Amino acid sequence: MENNAEKHLDKLSRKIMGKTNLDTPSKDFTSKLLSQIDYISNSRAFVYKPPISKPVWLVMAVAVLAITGYSVSNSKGETSHSSKMLNLKNIVSKHFEDLLTDFQFSEISLYAFLMFCGMLYLQILIIKTQRN
Amino acid sequence: MTISQEKIIISAILKGEQYAFAKLVDSHKDLVFSLALRMLKNREEAEEVAQDTFIKVYKSLPTFKMDSKLSTWMYKIAYRTCLDRIKKNKKYLSDVQIDEFTENQIKSIDNALDNMMAKERGAIIKNCIQKLDSDDAALMTLYYYDELSLSEMSKIFDLSSNNIKVKLFRCRKKLAKLLIRNLEPETIATYGK
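Model, not experiment: these values are computed from the prediction. (Residues numbered from 1 in each chain as written. Chains lettered and ligands numbered in written order. Predicted model: local features only at pLDDT ≥ 70, side-chain atom pairs only at ≥ 80, totals over all residues.)

### A word on the overall build of chain B
The condition is simple: Starting at the N terminus, helices and strands are each numbered in turn, a helix being any DSSP run of H or I of at least four residues and a strand any DSSP run of E of at least two. Exposure classification rests on a simple neighbour count of other C-beta atoms within 10 Å of a residue's own: a residue reaching 20 or more is buried, one at 12 or fewer is exposed, and one in between is partly exposed. C-beta atoms are placed from the backbone.
In terms of regular secondary structure, chain B is built from ten helices and zero strands. Reading the secondary structure of chain B in the N-to-C direction produces α-α-α-α-α-α-α-α-α-α. Relative to its 193 residues, chain B shows a buried fraction of 36%.

Here it is as structure tokens:
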């Protein structure tokens, strides 16, 4: 008896929840959706590429640090504790050492270098906002 | 839609053919929208959620592994998107009590509905579905509309097949209770014979 009731309840539910009683969205549903999809596809097509790539930045940073480190250790002379610790002169090859013997890192060049970095950063920011 | 048809449509969409996606949307939009409407109980929100669902489908299609039917996967996305919206809105509906029904009582409801004018019947049915709890409405819609198997249902709802069976059993009873509440006693008495 209970099984029969369950069967009828199933039949009734099928009738109520079935295909005939399905709701439909607005007429322009698909067209609205496709325009959104179009926008997504177009935004995917433009991939932002930075003017200076990451490896280039890395090489530049290593070069700047190496030059700065070398010049600082050179200007303080052999007695500097840090240069002894790093033993920088042993690391740098003879050829590279010859090339940089006359390199002097004055205060003016330090300020100029810092200014250059600041301006470069500013320029990148401006280019990025313009491109976006 | 068969699995081979689904594969063709997926590869066309992945190639960037928009008509293929439009075809997919047209064949599933009614069910996705109805599911959203029955869960969220609001037409505007349901339309938004249905749109979000299809956008998610479009974006995630390259990662779809074909380990289930495309429709099952889409309904799962639709169900989850609705749940997210419900959580966001913090909407909770009062639950309906479960009563026992006899075979005759159910036949009476069925006959009463059959003998009513289509418009009136439609309004009563919509009212009852509106009062169903979101999860119950989703379960009943997917089970009875697309005639999904219990294993497919368990993939969508992340529940075991047995759990789905028990839930469906309770949902049917809740729906009958709501119908009795919505139908006037005289209507059942007059038409239900």
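### Considerations on the packing of helix α4 (residues 70-89) of chain B against helix α8 (residues 150-157) of chain B
Think of two packed helices as two axes; the pair is described by the angle between the axes and how far apart they sit. Residues and elements named next belong to chain B. For clarity, the threshold we go by: Note on geometry: axes are C-alpha line fits, over the in-contact stretch for helices, and angles between N-to-C directions span 0 to 180 degrees. Two helices crossing with the near one rotated counterclockwise from the far one by less than a right angle form a left-handed crossing, whereas a clockwise rotation gives a right-handed crossing. Each residue gets a C-beta atom placed from its backbone, and two residues are in contact if those atoms lie within 7 Å. As a working rule, the residues Ala, Val, Leu, Ile, Met, Phe, Trp, Tyr, Cys and Pro are called nonpolar, Asp, Glu, Lys and Arg charged, and the rest polar, with Gly in that last group.
It is the contact of α4 with α8, at a shortest axis distance of 8 Å, that shows an interaxial angle of 40°. The handedness of the crossing between α4 and α8 is right-handed. Only E152, K155 and I156 of α8 make contact with α4, whose side of the interface consists of T72, Y75, K76 and Y79. Along the lines of polarity and charge, the residues of the contact of α4 with α8 split into three nonpolar, one polar and three charged.

### What about the interface of chain A and chain B?
Frequently, the measure chosen for interface size is the accessible area that the parts lose on association. Between chain A and chain B, the residue contacts involve 26 residues of the former and 32 residues of the latter. Those elements that provide at least two residues to the side of chain A that touches chain B are α1 (2-17) and α2 (29-45) of chain A. Of the residues forming the side of chain A that touches chain B, the biggest block, ten residues, is contributed by α1(A). Each residue belonging to the side of chain A that touches chain B can be placed in one class, and the counts come to twelve nonpolar, nine polar and five charged.

### Examining the nonpolar core
To keep things clear, this is the line we draw: For the purposes of this analysis, a nonpolar core is taken to be any set of buried Ala, Val, Leu, Ile, Met, Phe, Trp, Tyr and Cys residues that are connected through C-beta atoms within 7 Å.
Counting residues in each nonpolar core, the largest one holds 54 residues, and the members touching the most others are B:L35, B:A36 and B:L175. Per element, the largest residue contribution to this core is eleven residues, and it comes from helix α2 (residues 18-40) of chain B. Every residue in contact with B:L175, bar those within four places of it in the chain, is listed here: A:S13, A:I16, B:C128, B:L132 and B:M140.

### Focus on helix α1 (residues 3-14) of chain B
Counting along an α-helix, one turn takes 3.6 residues, and residues three or four places apart therefore face a common direction. Formally: Between the first and last residue of a helix there are one fewer steps than residues, each counted as 1.5 Å, and that sum is the expected span.
Between its first and last C-alpha atoms α1(B) spans 16 Å; for twelve residues at 1.5 Å apiece the expected length is 16 Å, and the two agree. With its phi angle positive at about 95°, B:G16 sits one or two positions after the end of α1(B).

### Some words on unusual backbone geometry
Residues and elements named next belong to chain B. Backbone geometry at K41 places phi at a positive 65°, although glycine is not the residue there. Its place among the elements puts K41 in the loop between α2 and α3 (43-60). The phi angle at D158 is positive, at roughly 55°, despite the residue not being glycine. Take D158: there are 10 C-beta atoms within 10 Å of it, and that puts it in the exposed class.

### Digging into helix α7 (residues 134-145) of chain B
Residue and element names in this part refer to chain B. If you check α7, its first and last C-alpha atoms are 16 Å apart, about what twelve residues at 1.5 Å a residue would give, namely 16 Å. Burial of α7 is extensive: ten of the twelve residues sit out of reach of the surface. Buried within α7 are the following residues: S134, D136, A137, A138, L139, M140, T141, L142, Y143 and Y144. Following α7 by one or two positions, E147 adopts a phi angle in the positive range, close to 50°.

### Here we look at the environment of B:Q130
For B:Q130, the position within the fold is in helix α6 (residues 118-131). The spacing of B:Q130 and B:R38 is 92 residues in sequence and 6.2 Å in space, taken between C-alpha atoms.

### Quick word on the confidence of the model for chain A
Test applied: Confidence of the prediction at every residue is given by pLDDT, a number between 0 and 100.
When pLDDT is averaged along chain A, the result is 76; 67% of the residues meet or exceed 70. Summarising per-element confidence for chain A, the mean pLDDT is lowest in helix α4 (residues 81-86) of chain A (54) and highest in helix α7 (residues 107-131) of chain A (86).

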